[in-house]
Amino acid sequence: MTCVVRSEHALRPAAALLRILAVAGAYLAGARLGLLQQLVIEGAVVTPLWPPTGIALSCLLWAGAGVWPGIALGALLTIATIDTVDPAAVGILAGNTLAPLAAYLMLRRIGFHTRLDRLRDGLALVFLGALGGMLVSATLGAGTLVLSGSLSLGEFWPVWSAWWVGDAMGVLVITPLLLVLRRARLPRVTRAWWWTEAAALCVTSVAVVLVATRVDLSLLFLVFPVLIWAALRFQLPGSAPCAVLISVLAISAAIEGYGAFAGRSMLEVMVILQALNGCAALTGLLLAAIVSEQIAVRRKVEEACWALADVVDQLAPGETAHLWPPPEREMRPDR
């Protein structure tokens, strides 16, 4: 028994190290994907959607605050792949590490559920995880560029805004998707039309989003009926992938200058793009949370009714006589 206990204690540091390296690898992979779609504002390279923030927050929610060195290592490797690592990169590295950690601590403080099956969880992820926590990374990142001389003071706010929105979109779009994928299971009992509706939703989503983002007319609003359909019928497992699809195709159309993004300045493109991404993410997340909460309440009521019926069945006939209405013939109105 002593040998077994010692071996388990010996494996704990190795397992922790593997988790940290896995987080760093996931962060770096998400950064490489994010850098494929980037824009230049005021001479600074920004991404409309920065997946590493969503990946980092998801890892913290799964494994706890102990994996923060993996986030720092992933951020350091990301900076090294973009530019040389100099003293000015310390502020950016600190911001990218502290922002998801601050978001995680705030979410844990209020009792956040990773199932996202309550409206309060959706609101917490929006206002604490995304909008609140990512203030840290945007402020430290843009502030570091100003202090190092890479950015003028007049260019601070445009870059800060783009940085903050990109990191917040990473949380709003990527974190719900990863939380869904971690507990994804095939439905145990499905009706005959379930798979048909799911396939129809997938095909319709791709077709509608492509049309909405690439035709010359301003038809971006067409994505919302599809998103509402996904949230109402499939909750977060339906709305989270749909929000990712909308964001990715919209960013691609914005970079290539198609649809509603054609002929506009870079600032106008960013405003339209982030307004679409933010509204889509908020709509899908909050509507799915409301529907899931209502389904959970209905199930609790049904379980209480079944439990009450079992109690009534176990009572003696004489004890339940006063609980039941009179026979049907006595309840009929006089004719």
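Under an unreviewed UniProt entry, the name given to the protein chain is MASE1 domain-containing protein, and the organism recorded is Streptomyces xantholiticus.

> What exactly am I supposed to notice about the overall build of the protein chain here?
A count of helical and extended segments in the protein chain gives 12 helices and two strands. Written out in order from the N terminus, the α and β elements of the protein chain read α-β-β-α-α-α-α-α-α-α-α-α-α-α. Of the contacts formed within the protein chain by residues at least 6 apart in sequence, a portion of 73% connects residues at least 24 apart. Put simply, the protein chain shows about 18400 Å² of open surface, and 66% of that area lies on carbon and sulfur atoms.

> I would appreciate a short explanation of the side chain of N96 in the present structure.
With respect to the helices, strands and loops of the structure, N96 is situated in helix α4 (residues 89-109). N96 has contacts with Y27, I71, A75, S137 and W163, leaving out every residue within four places of it along the chain.

> What am I meant to see in helix α9 (residues 223-256) here?
Helical geometry: 3.6 residues make up each α-helical turn, so side chains three or four residues apart lie on a common side. In this model, α9 (34 residues) spans only 19 Å end to end at C-alpha, well below the 50 Å of a helix rising 1.5 Å per residue. Of all the bends in α9, the largest measures some 150 degrees and sits at F234, one to four residues before the proline P237. A positive phi of about 75 degrees marks G257, the residue just after α9.

> Would you explain the packing of helix α7 (residues 156-182) against α9 in this entry?
How two helices pack is summed up by the angle between their axes together with the distance between the axes. Their axes nearest at 9 Å, the elements α7 and α9 cross at an angle of 140 degrees. Here α9 runs oblique to α7, going by the angle between their axes. Judged by the sense of rotation from one axis to the other, the crossing of α7 with α9 is left-handed. Only L236, P237, A240, P241, A243, V244 and S247 of α9 make contact with α7, whose side of the interface consists of V173, P176, L177 and V180. For the contact of α7 with α9, the residue count by class is 10 nonpolar, one polar and no charged.

> Is there a simple way to think about the pattern of salt bridges in this case?
For the structure on display, the rule yields four salt bridges. With a closest N to O distance of 2.8 Å, D121 and R118 form a salt bridge. There is no split in this pair, since D121 and R118 are both buried. With a closest N to O distance of 2.9 Å, R233 and E197 form a salt bridge.

> Got a minute to help me understand the packing of aromatic side chains in this structure?
How two aromatic rings sit relative to each other is given by the distance of their centres and the angle of their planes. According to the stated counting rule, one finds five aromatic pairs in the structure shown. Geometrically, the ring pair formed by F156 and W157 is edge-to-face, given 5.0 Å between the ring centres and 80 degrees between the ring planes. The buried category is assigned to F156, whose relative accessible area is 13%. Where W160 meets W164, the ring centres are 5.5 Å apart and the plane angle is 25 degrees; that geometry is what we call stacked. Pair noted here: W160 and W164 are both in helix α7, with a separation of four residues, about one helical turn. On the accessibility criterion, W164 (22% relative accessible area) is partly exposed. Within the aromatic cluster, the residues linked to one another by ring pairs are F156, W157, W160 and W164.

> I would appreciate a short explanation of the nonpolar core in the present structure.
One broad trend across soluble globular proteins is that nonpolar side chains are buried collectively. Of all hydrophobic cores here, the largest spans 65 residues; its most connected members are L57, L125 and I246. Sorting elements by how many residues they give to this core places α9 first, with 16 residues. Apart from the residues within four sequence positions on either side, L57 is in contact with P100, A103, Y104, L107, L125, G129, V171 and T175. Formed by 12 residues, the second largest nonpolar core is a distinct cluster that contains I92, A142, V159 and W163.

> What should I look at first to understand the packing of helix α3 (residues 68-82) against α4 in this one?
Where α3 meets α4, the closest approach of the two axes is 9 Å, and the angle between their N-to-C directions is 140 degrees. For the element pair α3 / α4, the angle class is oblique. Here α3 and α4 pass one another in a crossing that is right-handed. Only A89, I92, L93, N96, T97 and P100 of α4 make contact with α3, whose side of the interface consists of W68, I71, A72, A75, L76 and I79. When grouped by side-chain class, the residues that make up the contact of α3 with α4 number 10 nonpolar, two polar and no charged.

> Looking at this model, I keep getting lost on unusual backbone geometry. Mind explaining?
For residues other than glycine, phi is negative in most cases, and the peptide bonds are mostly trans. The phi dihedral of L116 falls on the positive side, at around 55 degrees, and the residue is not glycine. When you line up the elements, L116 lands in the loop between α4 and α5 (119-132). Its identity is not glycine, yet Q235 carries a phi of approximately 55 degrees, on the positive side. Following the sequence through the fold, Q235 ends up in helix α9.

> Looking at this structure, I do not really get the environment of A103. What am I missing?
Secondary-structure assignment places A103 in helix α4. In this view, A103 contacts L57, L128, G129, G133 and M134; residues no more than four positions away in its chain are not counted.

> Honestly, a nonpolar patch on the surface in this entry has me stumped. Any pointers?
Taken together, L17, L18, L21, L73, L76, L77 and V85 make up a surface patch of nonpolar side chains, about 600 Å² in accessible area. Contributions of two or more residues to the nonpolar patch are made by α1 (2-34) and α3. Note that L76 resides in helix α3.

Rules and cut-offs
- Residues numbered from 1 in each chain as written.
- Predicted model: local features only at pLDDT ≥ 70, side-chain atom pairs only at ≥ 80, totals over all residues.
- Heavy atoms only, no water.
- Helix = DSSP H or I, 4+ residues; strand = E, 2+ residues; numbered from the N terminus.
- Contact = heavy atoms within 4.5 Å.
- Areas by Shrake-Rupley, 256 points an atom, 1.4 Å probe, with all protein chains shown as cover.
- Expected span 1.5 Å × (residues − 1).
- Bend = angle between axes of the 7 residues up to and from the residue.
- Axes fitted to C-alpha atoms, helices over the stretch in contact; angles between N-to-C directions.
- Parallel < 35°, antiparallel > 145°, perpendicular 65-115°, else oblique.
- Left-handed = near helix turned anticlockwise from the far one by under 90°.
- Nonpolar A, V, L, I, M, F, W, Y, C, P; charged D, E, K, R; others polar.
- Salt bridge = Lys/Arg side-chain N within 4 Å of Asp/Glu carboxyl O.
- Buried < 20%, exposed > 50% of the residue type's maximum accessible area, 1.4 Å probe, protein only.
- Phe/Tyr/Trp six-rings, centres within 6.5 Å; stacked < 30°, edge-to-face > 60°.
- Core = buried A, V, L, I, M, F, W, Y, C linked by side-chain atoms within 4.5 Å.
- Patch = residues over 30% accessible without salt bridge, like charges linked within 9 Å, V, L, I, M, F, W, Y side chains within 5 Å.

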